[in-house]
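Chain by chain, the residues:
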Amino acid sequence: EAAACARALRKYGLTRWLRGDDAGAMDIYRRASVLREAMTPYELARLDTQVGSYYAWRRSPEPVNLLAEARVRCASIPDERWRKRAMAETHFWMGVSYMRGAAGSLSPHLAQLTRVELQTARDLAMEISWERLELYAERWLAMLYVEIGCLNEAQDLINLGIERSQRHYRDSRLAAGYHYA
């Protein structure tokens, strides 16, 4: 029952964060963290990943530590499919945190780290047929390629992403994200 409560708190925290209530979201995450002992390794990895993604989006220096902890936790997830799902998500947010955390333009080293993280997320998502994360990773890869001046690669990913997102999803936000890239 505590694990279900922690999962509900985590999802509620994400909703608060998406609505712009940062203080409310962090309060919810703190309450969910109290229930860590009752969580499965997958739920712990998801909680750390979600809080890490929150910090990544806010350009805080904290996400790398949280996402690294989540990645370590992923190794203890017994089910391979859920382990790959958690790993794909942590790789994705690590790549996003590298891009969002860069002040100004990306250094070649940081661009390479970002590319590796996002490509790994995309590859893992493809392995487990998680198309939405695959599309998000490709969109961020396209934005990375624009940033580093690889415009042909970016254009290829953008065109493919627009076609796939419009064909497979009614979610206009996903397709609109490619137009933004």
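Please refer to the structure higher up on the page.
As the structure is a computational prediction, the values presented were derived from the model and not from experiment.

Student: An account of the nonpolar core is requested, with residue identities and associated values reported.
Tutor: With 35 residues, the main nonpolar core has Phe92 and Trp140 as its most contacted residues. Listing elements by their share of this core, those giving two or more residues are helix 3 (41–57), helix 4 (63–74), helix 5 (80–101), helix 6 (108–127), helix 7 (131–148) and helix 8 (151–168). Ignoring any residue separated from it by four or fewer positions in sequence, one finds Phe92 in contact with Glu117, Leu118, Ala121, Leu133, Tyr136, Ala137 and Trp140. Grouped together as the second largest cluster of nonpolar side chains are twelve residues, Ala25, Ala32, Leu47 and Leu66 included.

Student: Just give me the short version of the pattern of salt bridges, but keep the residues and values in it.
Tutor: A complete count under the given rule lists nine salt bridges for this structure. With its nearest N and O atoms 3.0 Å apart, the salt bridge here joins Glu89 to Arg46. In this pair, Glu89 sits in helix 5 while Arg46 sits in helix 3, placing the two residues 43 residues apart along the sequence. The same class applies to Glu89 and to Arg46, which are both buried. Notably, a salt bridge pairs Glu134 with Arg164, separated by 2.9 Å at the nearest N-O pair. Remark: Arg164 occurs in helix 8 and Glu134 occurs in helix 7; sequence separation between them is 30 residues. Considered together, Glu134 and Arg164 belong to a single accessibility category, that of buried residues.

Student: I'd like to hear about helix 6, residue by residue, with values.
Tutor: The end-to-end C-alpha distance of helix 6, which contains 20 residues, comes to 28 Å, matching closely the 28 Å that a straight helix rising 1.5 Å per residue would cover. Ser129 lies just past helix 6 and shows a positive phi near 60°.

Student: Could you give me a rundown of unusual backbone geometry, with the residues and numbers involved?
Tutor: The phi torsion of most residues other than glycine is negative, and most of the peptide bonds are trans. Unusually for a residue other than glycine, Ser129 sits at a positive phi of about 60°. The residue Ser129 is located in the loop between helix 6 and helix 7 in this model.

Student: Outline the packing of helix 4 against helix 5, listing residues and values.
Tutor: At a minimum axis separation of 9 Å, helix 4 and helix 5 run at an interaxial angle of 165°. It follows that helix 4 is roughly antiparallel to helix 5 by the angle criterion. Here helix 4 and helix 5 pass one another in a crossing that is left-handed. On helix 5, the residues touching Pro63, Val64, Leu67, Ala68, Ala70, Arg71 and Cys74 of helix 4 are Arg83, Ala86, Met87, Thr90, His91, Trp93, Met94, Ser97 and Tyr98. Its residues placed into classes, the contact of helix 4 with helix 5 shows eleven nonpolar, three polar and two charged.

Basis of the calculations
- Residues numbered from 1 in each chain as written.
- Predicted model: local features only at pLDDT ≥ 70, side-chain atom pairs only at ≥ 80, totals over all residues.
- Heavy atoms only, no water.
- Core = buried A, V, L, I, M, F, W, Y, C linked by side-chain atoms within 4.5 Å.
- Buried < 20%, exposed > 50% of the residue type's maximum accessible area, 1.4 Å probe, protein only.
- Helix = DSSP H or I, 4+ residues; strand = E, 2+ residues; numbered from the N terminus.
- Contact = heavy atoms within 4.5 Å.
- Salt bridge = Lys/Arg side-chain N within 4 Å of Asp/Glu carboxyl O.
- Expected span 1.5 Å × (residues − 1).
- Axes fitted to C-alpha atoms, helices over the stretch in contact; angles between N-to-C directions.
- Parallel < 35°, antiparallel > 145°, perpendicular 65-115°, else oblique.
- Left-handed = near helix turned anticlockwise from the far one by under 90°.
- Nonpolar A, V, L, I, M, F, W, Y, C, P; charged D, E, K, R; others polar.

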